[in-house]
Amino acid sequence: EFAKSPMRKRIQMVFQDPTESLNPRFTAVRAIADPILRMSDIKGRDAVRARCEELARQVGLPVELLDRFPHQLSGGQKARVGIARAIAGSPKYLLYDEPTSGLDPVNADVIDALVQRLDEEIGVTSVMVTHDVRGAFRVADRLALLSEGKIVMQGTPQDFLASDHPKVKAFLERDFDNAQFAA
């Protein structure tokens, strides 16, 4: 029922593994076009293609890669296809599930920067589930730390750095030397 709900257009998901979330029989342009065809008023092959190219440019995917299949794209390029597909319907909310999982550090940084830029450019609210603490600190305005399915703490990155909560301290000490973030 949710697929037919007006809310579906407002909430979109970027999945953890772009390889698994992309249909191997669809080219990148077809993957991006799918939500355009389902959730927008854009009609006609040329208009849909133009919107796909606009979205590709917006996420930093070279337009010349749009006619390739997922197995012909790198992990970072597939991640960009997934993000372009998610923003195709102009959502209000984006839910990212481990968007940098499996990416090398350079591509992870690029995707983190893209998430920040899209939040500002298109006015979307992003929620990111991640184990990448450094990425979370770079991207997030607010964080929530979960332990055993319960929120242990929520606040700004600065709140976390100042926290004396033992689970927060253990989490920060395990994942990075927080002195690099104190400056």
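Up top is the structure.
The following paragraphs examine the structure supplied in this document. (Residues numbered from 1 in each chain as written. Predicted model: local features only at pLDDT ≥ 70, side-chain atom pairs only at ≥ 80, totals over all residues. Heavy atoms only, no water.)

1. Regarding the side chain of T27
Here is step 1 of the chain: Mapped onto the elements of the fold, T27 is located in the loop between α2 (18-21) and α3 (28-39).
Here is step 2 of the chain: Ignoring anything within four residues of it in the chain, the contact list for T27 reads L66, D67, R68 and F69. (Helix = DSSP H or I, 4+ residues; strand = E, 2+ residues; numbered from the N terminus. Contact = heavy atoms within 4.5 Å.)

2. Quick look at the sheet that holds strand β2 (residues 93-97)
Here is step 1 of the chain: Spatial strand order, β1-β2-β3: 3 strands in an open sheet with parallel pairing. Bordering the open sheet on either side are β1 (11-14) and β3 (125-129), each of which pairs with just one other strand. Ignoring which end each strand starts from, the neighbouring axes of this sheet average 20° apart.
Here is step 2 of the chain: Of the pairings in the sheet, the one linking β1 to β2 comprises 4 bridges and is parallel in character. Across the sheet, Q12 pairs through a bridge with L94, a residue of β2.
Here is step 3 of the chain: Packing against the sheet, helix α5 (residues 75-87) makes contact with β1 and β2, and its axis sits at approximately 175° to β1.
Here is step 4 of the chain: Its contacts with the sheet put helix α6 (residues 105-122) on β2 and β3, and the angle it makes with β3 is roughly 155°. (Pairing = 2+ DSSP bridges. Axes fitted to C-alpha atoms, helices over the stretch in contact; angles between N-to-C directions.)

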